[in-house]
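# A structural walkthrough
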Amino acid sequence: MDASRQLTIKTGVVTRLHKELQVYRDEADKTRNTIEKMEKDAAADEYEIRQQRRVLAESERIIPDSEQRLAKAIDDLEDLLDSTEDSHGASEEYKKASAAIKLVRPE
């Protein structure tokens, strides 16, 4: 497969997984806040609180897996960037891939 095509695909994967991880983290935070509010409300139904705790537990189980998939995708993209730097270093795909790495792994 053409290196520029691989760069485009792997950049998209990194970007998508980063967004996905952010959504899972946001969902877990919102659910945590919802549970806290429900626990303070005396009229809250215990069943609803349990359901929200289940949703939170599932979100928290998904986060580590998403982090691992993102880390692997970043490693794959970095390896590809290293191997194509000489031939594609000035290409638009290479620049987008580098920007994606900096976005998800600011240093």
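Basis of the calculations
Residues numbered from 1 in each chain as written. Predicted model: local features only at pLDDT ≥ 70, side-chain atom pairs only at ≥ 80, totals over all residues. Heavy atoms only, no water. UniProt positions renumbered as here; feature names shortened; annotations may be inferred. Helix = DSSP H or I, 4+ residues; strand = E, 2+ residues; numbered from the N terminus. Buried < 20%, exposed > 50% of the residue type's maximum accessible area, 1.4 Å probe, protein only. Contact = heavy atoms within 4.5 Å. Salt bridge = Lys/Arg side-chain N within 4 Å of Asp/Glu carboxyl O. Core = buried A, V, L, I, M, F, W, Y, C linked by side-chain atoms within 4.5 Å.

As named in an unreviewed UniProt entry, the chain is Tubulin-specific chaperone A, taken from Rhodotorula mucilaginosa. One UniProt comment on the chain, placed under Subcellular location (unreviewed entry), says "Cytoplasm, Cytoskeleton". Here the chain is described in UniProt, under the heading Subunit (unreviewed entry), as follows: "Supercomplex made of cofactors A to E. Cofactors A and D function by capturing and stabilizing tubulin in a quasi-native conformation. Cofactor E binds to the cofactor D-tubulin complex; interaction with cofactor C then causes the release of tubulin polypeptides that are committed to the native state."

### Some details on the side chain of T11
With respect to the helices and strands, T11 occurs in helix α1 (residues 3–40). Accessibility expressed as a relative area gives 11% for T11, which makes it buried. Setting aside its immediate chain neighbours within four residues, T11 contacts L77, K96, A97 and A100.

### What about the side chain of S59?
Take S59: it is sitting in helix α2 (residues 46–88). With residues up to four places along the chain from it excluded, the contact list for S59 reads Y24, E27 and A28.

### Observations regarding the pattern of salt bridges
The final tally for this structure, using the stated rule, is nine salt bridges. A salt bridge links D29 to R32; its shortest N-O distance comes to 2.8 Å. Of this pair, D29 and R32 are both found in helix α1, three residues apart, which corresponds to roughly one turn of the helix. Residue classification places R32 among the partly exposed residues on the basis of a relative accessible area of 31%.

### A look at the nonpolar core
By size, the foremost hydrophobic cluster in this structure holds 18 residues, and its most contacted members are L7, V14, L70, I74, L77 and L81. Counting residues per element, the ones that place at least two in this core are α1, α2 and α3 (92–104). Setting aside its immediate chain neighbours within four residues, V14 contacts L70, A73, I74, L77 and V104.

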